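Single-letter residue listing:
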Amino acid sequence: MSSDLRELIQPFAKVHEDLYYFAKKAKQEGEKVAGFLCTYSPQELFHAGGYFPVRVIGEEGGTPLADQWLQPYACSFAKGVLNLGLTGDFSFLDLVVFSHTCDTMQNLAEVWRRRVEGTPIIVVSTPNLNAGEIALTYLKRELTRVKEEVERISGNKITEERLLESMKLYEQHRNNMNRLYQLRQANPSLMTGTEMFTVVLSSFLMKKEEHNKLLENLIKELENISPQELKKPRILVGGSVCQAQGFIQSIESAGVVVSDDDLCMGSRSYVLPSMHQGEPIDMLAQMYLSRIPCPAFHKPGYDPAESYLEKVKNGHIDGVIFLQTKFCDPYAFNYPYLRKRLEQEGIPSLLLEVEQNQPVPEAFRTRVEAFVETLNK
Amino acid sequence: MSQRVSIRSTAKMKELMGFYYMMAKAAENDPNQKIAWITSGGPVEILHAGGVIPIYPENVAAMAGTLKISDEICAIAEEQGFSRDLCSYARTDIGSALSGKGPIMGTASPKPDFLVCCNNICGTVTKWYEELQRIFNVPLIFIDAPFQYGIKDRPEAIDYMEAQLRRMIDQVGEITGNPISWDKFMETLDLADRAVKLWREIQDLLQHKPAPMNSFDTFIHLAPIVTLRGTQGCIEYYETLKAEMLERIEQGIGTLEKEEYRLGWDNLAIWYKIKFLSERFSQHNAALVVSTYTRSFCYQAEDRDISNPLRAMSADYLAGYINHGLDFRERELYQMVKDFSLDGLVMHSNRSCRAYSFGQYELARTMEDKYGVPVLLIEADQNDTRMWSDEQVGNRIDAFMERVASKRNKNIA
């Protein structure tokens, strides 16, 4: 990678010093910050209501306060964020937004509401049925309710014009992220997976306005680089892990390149259809229902192997690594089927169980190395 | 140790359920008789109205647990890549579907013609039924019942349910080839309604001191309300059971020689340890007289519109204990403490069930601090025996009962 490129990536890396560097800075400048726990929260609505939406993620380390309220069989993500809520580390947030996805999230919102004081919360009751008119009608009413909640809490009226502006900004951002993913899929030598995930992680933690500018500069530069032959095997990572970067770094140190992902805090957040003309809440609802569904949801006729196989084919993937957060049921239920389908296509896969609040264990790397050896490239 | 007077009706229930399983088995080879697998919180009335035989993988898994064959069947699913951390019912059922092994005469349940999954009990069933759909390659009817965070259920969620149930009535008719008539559906709803009321009345009879049966009995007598809700047989059975309970109350028959303490139970049963738990609590003269679990099958929405039965049904299917947030659950638990004169609560922190279990620590603390109700948390699993220890749990029960007793003595003094 050239020094020019490195310089272009530098500003994104601020999030490695402090995940909430940008949020705290905005807060100091008098802005309101909304923390969301899931990419199914309609960030456009919160943005239009005058908030800077940032993704809430846990940190490395024990969770002694959360352990008092959640059983040992709760996932490390739920415990990690609850712990930071209880210590007061999230007190810079003016609003916390939960989305109903899995059983853990639904009860986490409840424990949080009763035990974490100070910050108002909103729970978005996303339909777990992800298709059809009936679900769409329900989601539109739910989003309208959420919009009214945001207006009530913030004191800001969300006009149609304002919401459309926010939606446009977010769409532009998705387009930029998609473009970046496409460039890398075609030419993984452009940057490492580790570098890519610095950009990806920051996309959930920086203002979209600012992220867009940096992205556009980066894309312009990347578009001028001609493809180089890549001798390393290409890996796709999938799973529910939020801060994938450490794991990706560890995987790449075994002599491969992580050239694509199927992470909810990754490509899946950015594969969304373009908006068409219409009433904004309706467009927003349609858009969220057309996402590659979160594994916690049911979409009639949808085959979870589809997006994997498509990426494997288009990106010439040599192997898939599942980063399976321990006690994350929706992903764990999909795994046997995904493994089987990949196997049928001759794509080897590796399941690695991870804890989101712990450093990458030594055994993780050993297992990746053993897996890479079998890829014989 | 205290002597128990056995419940006569149990024989009748075994007969009723035995007949039902026999019918279900026979239906497997009858192309004209459709079979659907359905979740315990699912709208089974629509199946009965459509002449479809319902099979409950959860019941079947619990039977496997009681027969102590669930570990072995779970292992089959685990070999296929299903994590040991996943729900043990799901692992039991998937293992059974994959291998043909099961608790009904040693075999798996009759194969489904279609599947009905309602997520008002948990999100796990969504994934579990997706897997069943892949195994059997049959239609899946999915009913999404939004979790209700507040005490009052949201009208938009009831509308959403109503639209889905209306569609399901059509779908079932399409699958069987016989559209469900509205009259038949209304008749079935009425039968279900009567059975639900009976089941609630029977459980409420346990408010009497001494309670005529205990929660371990209600775990067993739950089968018809889950499976046969909406049939005449279900009503007849619970009428018999209710009459027997009234008779026991009349004669002063309890489940213990001396019922000194009364406890409530939260979460699913620990199927493979019912006898152990029952005996251990009996040693302390403690009867378990109510459980949130068995009451889950008689929840009716608070402001149900009885002039519109489908709407009332839609509201009911949102109204269960575990489809609600912690304010609702707290209110229910405290109501149980008052209605059943409880001396304490036993909460089964159930590794298999995140939906039921997360929030229990919070509720336990609230019950202790706000209402002064002693709470025992038992860390276990509904079907997976591999982390259970008789000694450890036994000691905790003994210590808990000491706490309950000393509180009683303090109150008397």
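Details of the structure are given in the entry above.
A few points on the structure. (Residues numbered from 1 in each chain as written. Chains lettered and ligands numbered in written order. Predicted model: local features only at pLDDT ≥ 70, side-chain atom pairs only at ≥ 80, totals over all residues. Heavy atoms only, no water.)

Here we look at the overall build of chain A
A count of helices and strands for chain A gives 16 helices and 8 strands. Taken against the 2.2 N^0.38 rule, which gives 21 Å for 377 residues, the C-alpha radius of gyration of chain A at 20 Å falls within 12% of a compact globule. Per-residue burial over chain A gives 63% buried out of 377 residues. Long-range pairs, those at least 24 residues apart, make up 75% of the contacts in chain A between residues at least 6 apart in sequence. Summing over all exposed atoms, chain A offers an accessible surface of approximately 14600 Å²; the carbon and sulfur share of this is 47%. (Helix = DSSP H or I, 4+ residues; strand = E, 2+ residues; numbered from the N terminus. Rg over C-alpha atoms; globule rule 2.2 N^0.38 Å. Buried < 20%, exposed > 50% of the residue type's maximum accessible area, 1.4 Å probe, protein only. Contact = heavy atoms within 4.5 Å. Areas by Shrake-Rupley, 256 points an atom, 1.4 Å probe, with all protein chains shown as cover.)

Description of a nonpolar patch on the surface
Residue and element names in this part refer to chain B. Taken together, the side chains of Phe19, Met22 and Met23 make up a nonpolar region of the molecular surface, amounting to roughly 330 Å² of accessible area. Position of methionine 22 among the secondary structure elements: in helix H1 (residues 9-27). Exposure remark for methionine 22: the relative accessible area of 54% places this residue in the exposed category. (Patch = residues over 30% accessible without salt bridge, like charges linked within 9 Å, V, L, I, M, F, W, Y side chains within 5 Å. Salt bridge = Lys/Arg side-chain N within 4 Å of Asp/Glu carboxyl O.)

As for helix H7 (residues 155-176) of chain B
Its 22 residues place the ends of H7 of chain B 32 Å apart at the C-alpha level, agreeing with the 32 Å of an ideal helix rising 1.5 Å per residue. Directly beyond the C-terminal end of H7 of chain B, a positive phi value near 85° is found at glycine 177 of chain B. (Expected span 1.5 Å × (residues − 1).)

Description of the sheet that holds strand S1 (residues 32-36) of chain A
Residue and element names in this part refer to chain A. Ordered in space as S2-S1-S3-S4, the 4 strands form an open sheet in which the pairing is parallel. The open sheet has two edge strands, strand S2 (51-55) and strand S4 (121-124), and neither has a second partner. Within this sheet the neighbouring strands show an average axis-to-axis angle of 25°, counted without direction. Bridge count for strand S3 (residues 95-99) against S4 is 4 bridges, and the pairing is parallel. In the sheet register, serine 99 faces S4, and the bridge partner there is valine 124. Packing against the sheet, helix H8 (residues 133-154) makes contact with S1, S2, S3 and S4, and its axis sits at approximately 170° to S4. (Pairing = 2+ DSSP bridges. Axes fitted to C-alpha atoms, helices over the stretch in contact; angles between N-to-C directions.)

A look at empty space enclosed by the protein
Within this structure, the stated rule accounts for 8 cavities of 30 Å³ or more. If you add up the space inside the largest cavity, you get close to 440 Å³. If you go around the largest cavity, you meet 29 residues; those closest to its centre are Thr101, Cys102, Met105, Ser240 and Cys328 of chain A. Those elements that provide at least two residues to the lining of the largest cavity are helix H7 (103-115) and helix H15 (329-344) of chain A together with helix H6 (124-136) of chain B. Partitioning the lining of the largest cavity into residue classes produces 15 nonpolar, 9 polar and 5 charged. Size it by volume and the second largest cavity reaches roughly 140 Å³. Along the wall of the second largest cavity there are 13 residues; nearest its centre are Gln43, Tyr170, Arg174, Ser269 and Tyr270 of chain A. The set of elements that each furnish at least two residues to the lining of the second largest cavity consists of helix H4 (43-48) and helix H9 (160-186) of chain A. Sort the elements by how many residues they give to the lining of the second largest cavity and H9 of chain A lands first, with 3 residues. (1 Å grid on protein atoms, 1.4 Å probe; cavity = no way out; pocket = protein on both sides within 12 Å on 5 of 7 lines; lining within 4 Å. Points joined across faces, edges and corners; volume = space filled by probe spheres on them. Nonpolar A, V, L, I, M, F, W, Y, C, P; charged D, E, K, R; others polar.)

Quick look at the pairing of strand S5 (residues 140-143) of chain B
All names here are of chain B. Taking every second residue as pointing to the same face, both faces of S5 are buried, with Leu140 and Phe142 on one and Ile141 and Ile143 on the other. Bridge count for strand S4 (residues 114-118) against S5 is 4 bridges, and the pairing is parallel. Within S5, the position partnered with leucine 115 by the bridge is leucine 140. Each parallel crossover has a hand, and the one from S4 via H6 to S5 is right-handed. (Right-handed = clockwise from strand over helix to strand, strands pointing away.)

Some words on the sheet that holds strand S7 (residues 319-325) of chain A
Residue and element names in this part refer to chain A. Taken in spatial order, the 4 strands make up an open sheet running S6-S5-S7-S8, and their pairing is parallel. Of all the strands in the sheet, the pair left with one neighbour each is strand S6 (257-263) and strand S8 (349-354). Taken over all neighbouring pairs, the strand axes of this sheet differ in orientation by 25° on average, direction set aside. Both strand S5 (residues 234-239) and S7 contribute to a ladder of 5 bridges, which runs parallel. Considered in S7, the bridge of glycine 239 is made with leucine 323. Across the face of the sheet, H9 comes into contact with S5 and S6 while running at roughly 140° to S6.

Let's talk about helix H3 (residues 21-28) of chain A
All names here are of chain A. Of all the positions in H3, only Phe22, Ala23 and Ala26 are classed as buried. Looking straight down H3, one finds its buried side chains confined to an arc of 100°; they lie on one side. Buried residues along H3 sit in contact with helix H2 (14-17), S1, S2 and helix H11 (208-223). The first or second residue beyond H3 is glycine 30, which carries a positive phi of 90°. (Arc of directions from axis to C-beta.)

Some remarks on the packing of helix H6 (residues 76-87) of chain A against H7 of chain A
Residue and element names in this part refer to chain A. Put simply, H6 and H7 touch, their axes get as near as 11 Å, and they point 10° apart. Here H6 is positioned roughly parallel relative to H7, judged by the angle of their axes. In this structure, H6 contributes Phe77, Ala78, Val81, Leu82, Gly85 and Leu86 to the contact, and H7 contributes Thr104, Met105, Leu108, Val111, Trp112 and Arg115. Split into classes, the residues belonging to the contact of H6 with H7 amount to 9 nonpolar, 2 polar and 1 charged. (Parallel < 35°, antiparallel > 145°, perpendicular 65-115°, else oblique.)

Digging into the interface of chain A and chain B
Listed per partner, the contact involves 47 residues of chain A and 56 residues of chain B. Here chain A and chain B share an interface that buries about 4600 Å² over both sides, 54% of which is from carbon and sulfur atoms. The largest contributions to the chain A side of the interface with chain B come from Tyr73, Arg114 and Phe333 of chain A, which together make up 19% of the buried area. Where chain A packs against chain B, one counts 9 salt bridges. For glutamate 362 of chain B, the salt bridge goes to arginine 115 of chain A, with nearest N and O atoms at 2.4 Å. Linking chain A with chain B are 26 residue pairs in polar contact (both at pLDDT 80 or more), by the criterion used here. Every element with two or more residues in the side of chain A that touches chain B is listed here: H7, H8 and H15 of chain A. For the side of chain A that touches chain B, the leading source of residues is H7 of chain A, giving 10 residues. Looking at the side of chain A that touches chain B, its residues break down into 24 nonpolar, 10 polar and 13 charged. (Buried area = accessible area lost by both parts, 1.4 Å probe. Polar contact = N/O pair within 3.5 Å; in protein donor to acceptor, adjacent residues only side chain to side chain.)

Some thoughts on the pairing of S4 of chain B
Residue and element names in this part refer to chain B. With 5 of 5 residues buried, S4 is to be regarded as a mostly interior element. Of the two faces of S4, the one carrying Phe114, Val116 and Cys118 and the one carrying Leu115 and Cys117 are both buried. Looking at chain direction, strand S1 (residues 35-38) and S4 are connected through 3 bridges and run parallel. By the bridge assignment for S4, tryptophan 37 is matched with leucine 115.

Quick look at the pattern of salt bridges
All names here are of chain B. Following the criterion strictly, the structure yields 57 salt bridges over all chains and no others. Taking the shortest distance from any N to any O, the salt bridge between arginine 8 and glutamate 247 comes out at 3.2 Å. You can see arginine 8 sitting in the segment before H1 and its partner glutamate 247 sitting in helix H11 (residues 232-251), a full 239 residues away along the chain. Residue glutamate 247 is classed as partly exposed on the basis of its relative accessible area, which comes to 32%. Put simply, arginine 386 and glutamate 78 hold a salt bridge, and the shortest N to O gap is 2.8 Å. Linking arginine 386 in the loop between strand S9 (375-380) and helix H18 (390-412) with glutamate 78 in helix H4 (residues 70-79), this pair joins segments that are 308 residues apart in sequence.

Some thoughts on the side chain of serine 202 of chain A
Its place among the elements puts serine 202 of chain A in helix H10 (residues 193-203). Setting aside residues no more than four positions away along its own chain, serine 202 of chain A makes contact with Phe12, Val15 and His211 of chain A.

Geometric descriptors of this kind do not, in isolation, establish any biological role.
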